[in-house]
Amino acid sequence: MKDVLKKVIDKFQIPSEFESFEELNSGHINDTFLIKTTQKPYYVLQRINKNVFPRSKELIENKIYVSKHLQHKLKHLAQEEIQQKVLCFAKAKDNTFFYEDNDGYFWNASIFIEDSITYLKAENTQIAFEAGKKTGEFLELTKDIDVANIHTILEDFHSVSVRYHQFKTALQNASEETIKRSKEQICFIESHIKEMQQLDTAIEQKLLPLRLTHNDTKISNILFSKENKALCLIDTDTVMKGVLHFDYGDAIRTICNTADEDERDINKIAFNFEFFKSYTQGFFQEFKSATQQEINLLPVSIKILPFIMGLRFFTDFLNNNVYFKTVYETHNLDRAINQFALINHIENKYQEIVKCIAT
Ligand code: GN1
Ligand code: MG
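Residue positions are counted from 1 within each chain, in the order its sequence is given. For naming, the first written chain is A and the first written ligand is 1, with later ones following in the order written. The predicted origin of the model limits local features to residues at a pLDDT of at least 70 and limits the giving and counting of side-chain atom pairs to 80 or more, whereas totals for whole chains, interfaces and linings rest on all residues. Side-chain measures were taken over the full set of non-hydrogen atoms in the model, leaving aside hydrogen atoms and water.

1. Description of the pairing of strand E8 (residues 230-233)
For step 1, the next point in the chain: Strand pairing requires that DSSP identify at least two bridges connecting the strands. We count a stretch as a helix when DSSP gives it H or I for four or more residues in a row; a strand needs E for two or more, and each element gets its number in order from the N terminus. Where strand E7 (residues 222-224) and E8 come together, three bridges link them in antiparallel fashion. Each residue of the ladder has a partner; that of Ile222, found in E8, is Leu233.
For step 2, the next point in the chain: The hairpin formed by E7 and E8 contains five residues between the paired strands, and Asn228 there has a positive phi angle of roughly 65 degrees.

As structure tokens, then:
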């Protein structure tokens, strides 16, 4: 691997030499490496999964577009600070922002943000509040992006109806035994599907503004300083046009789950209401332009985003784990069970959630 990475990083315009590397394992799709060089800054080198992202070049174009936009918005800050708050990509030697290898994989490199911490779940209300501020700020700073300039690299990414259809197709091809084993999850999906299609319907009816959204605001995509200030929202692979709820709901999905996304012991799963309040406070401290229609659908989005993820994990389990990286055979099934258990906890607190958002 070392030789490959050395060769690839050499395709980029960086001022120092490759020294060593570490694999960064937190993503489910791409391969990501920390490249240590003879002098700082270090770099994060990423190989895009071409099966998941057949439009890898456009994906990189989106990332560059959004980073440039954010850099421009923060141009009053010192360069060093900008590099801590926005992903800064290195140009390749051919002046593009990518390198395409002989196997057709696209690579990109960004400056590694030093002294930053990531979390798999929130540890206290300050972290939840800061995460709210960071995701709200992202939407606020990008609200003037004309989404016509952004490629849709994955169609219907957060469409419940499309995800449900994919689940039904996978179910048709699944063995009797698998179906028997996952009866409970299938029942959960069938009994919830109607309620979960509310966002789809509102989008179809054009009731919600289409914005630039991040689409993967899980807590591990937010870098924090040692003092627990949110620094940067990373992993802009899925920036696309979408609705505010995709980012709000997905962040709460991980921030308010008392357990990790991969936790198998469902007794550890609960919905942390205090973290939800802090996250929401932080979010609306930064994001000021939500419409009443958007606000009306915030509570249900807290259920919809874990539902989409549960549905996607479960479908991938039925498809024999072809999409998400897994470590053991039922990994995706366990992830789905985790998401559905979280929804049950959200339902128990739902009236309080609705009341809190309305006030
Ligand atoms: C995937 O690869 P990663 O970890 O950034 C997925 C997201 C999910 C997330 C769940 C392109 O993101 O949609 O929310 O897993 N990305 C894609 O952890 O499918
Ligand atoms: Mg991602």
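2. What to know about the site of ligand 1
For step 1, the next point in the chain: Taken together, 15 residues form the shell around ligand 1, and within it Lys218, Asp235, Glu261, Arg312 and Tyr323 come nearest.
For step 2, the next point in the chain: Here an oxygen atom of ligand 1 and a backbone polar atom of His28 are 3.0 Å apart.
For step 3, the next point in the chain: Surface exposure here means Shrake-Rupley accessible area, sampled with a 1.4 Å probe, where a residue is shielded only by the protein chains that are shown. Protein chains bury 95% of the 440 Å² of accessible surface belonging to ligand 1 in isolation.
For step 4, the next point in the chain: In terms of residue class, the shell around ligand 1 is built from six nonpolar, three polar and six charged. Note on terminology: near, applied to a residue and a molecule or strand, indicates that one of the residue's heavy atoms is within 4 Å of it. Pairs of N or O atoms within 3.5 Å make up the polar contacts considered here, provided that, within protein, one atom can donate a hydrogen while the other can accept it, and that residues adjacent in sequence are counted only when both atoms are side-chain atoms. Under this grouping Gly is polar, as are all residues other than the nonpolar Ala, Val, Leu, Ile, Met, Phe, Trp, Tyr, Cys and Pro and the charged Asp, Glu, Lys and Arg.

3. Remarks on the pattern of salt bridges
For step 1, the next point in the chain: Counted as salt bridges are all cases of a side-chain nitrogen of Lys or Arg within 4 Å of a carboxyl oxygen of Asp or Glu. The full count for this structure, using the stated rule, is 27 salt bridges.
For step 2, the next point in the chain: Between Glu114 and Lys40 there is a salt bridge, with the nearest N and O atoms lying 3.5 Å from each other. Taken together, the residues Glu114 in the loop between strand E5 (106-111) and helix H4 (125-141) and Lys40 in the loop between strand E2 (31-37) and strand E3 (43-47) connect sequence positions 74 residues apart.
For step 3, the next point in the chain: Per-residue accessibility, obtained with a 1.4 Å probe over protein chains only, is compared with the maximum for each type, and a residue is labelled buried under 20%, exposed over 50%, and partly exposed between these values. Assessed through its relative accessible area of 24%, Glu114 is described here as partly exposed.
For step 4, the next point in the chain: Where Arg211 meets Glu294, a salt bridge forms, and the shortest distance between an N and an O atom there is 2.9 Å. Linking Arg211 in strand E6 (residues 211-213) with Glu294 in helix H11 (residues 292-296), this pair joins segments that are 83 residues apart in sequence.
For step 5, the next point in the chain: Residues joined by salt bridges that share partners form a network here, namely Asp31, Arg47 and Lys325.

4. Considering the packing of helix H5 (residues 160-173) against helix H12 (residues 298-318)
For step 1, the next point in the chain: Fitted lines through C-alpha atoms serve as axes, helices being fitted only where they are in contact, and the angles separating the N-to-C directions of these axes extend from 0 to 180 degrees. Where H5 meets H12, the closest approach of the two axes is 9 Å, and the angle between their N-to-C directions is 25 degrees. On the basis of the axis angle, H5 is roughly parallel to H12. Crossing of H5 against H12: the hand is left-handed. Residues Val160, Arg163, Tyr164, Gln166, Phe167, Ala170 and Leu171 of H5 lie in contact with H12, whose contacting residues are Ile304, Phe307, Ile308, Leu311, Arg312, Phe314, Thr315 and Leu318. Roughly parallel means an angle under 35 degrees; roughly antiparallel, over 145; roughly perpendicular, 65 to 115; everything else is oblique. Handedness of a crossing follows from how the near helix is turned relative to the far one, being left-handed for an anticlockwise turn of less than a right angle and right-handed for a clockwise one. Between two residues, a contact is recorded if the distance between any of their heavy atoms is within 4.5 Å.

5. Overview of the side chain of Asp200
For step 1, the next point in the chain: Residue position: Asp200 is located in helix H8 (residues 198-204).
For step 2, the next point in the chain: Charge counting treats Lys and Arg as positive and Asp and Glu as negative, with His and both chain ends excluded. Of the side chains with opposite charge, Arg163 lies nearest to the buried Asp200, which makes no salt bridge, at 9.5 Å.
For step 3, the next point in the chain: Apart from the residues lying within four places of it in its own chain, the contact partners of Asp200 are His158, Ser159, Val160 and Ser161.

6. As for the coordination of the magnesium ion (ligand 2)
For step 1, the next point in the chain: Within the first shell, the magnesium ion (ligand 2) binds the protein through Asp216 (OD) and Asp235 (OD), at distances of 2.0 Å. You can see Asp216 sitting in the loop between E6 and E7 and its partner Asp235 sitting in the loop between E8 and strand E9 (240-242), a full 19 residues away along the chain. Sites may look incomplete, because water is not among the atoms used; the donor set itself consists of N, O and S atoms within 2.8 Å of the metal (3.2 Å for Na, K and Ca).

7. As for the domain arrangement of the protein
For step 1, the next point in the chain: Per the annotation, domain bounds derive from an automatic or database assignment of domains. Partitioning the protein into domains gives domain 1 (2-111) and domain 2 (125-358).
For step 2, the next point in the chain: Here domain 1 and domain 2 have C-alpha centroids that lie 26 Å from each other.
For step 3, the next point in the chain: We define buried area as the total accessible area lost by two parts upon association, computed with a 1.4 Å probe and summed across both. Of the roughly 2,500 Å² buried between domain 1 and domain 2, counting both surfaces, carbon and sulfur atoms make up 60%.
For step 4, the next point in the chain: For the interface between domain 1 and domain 2, the tally reads three salt bridges.

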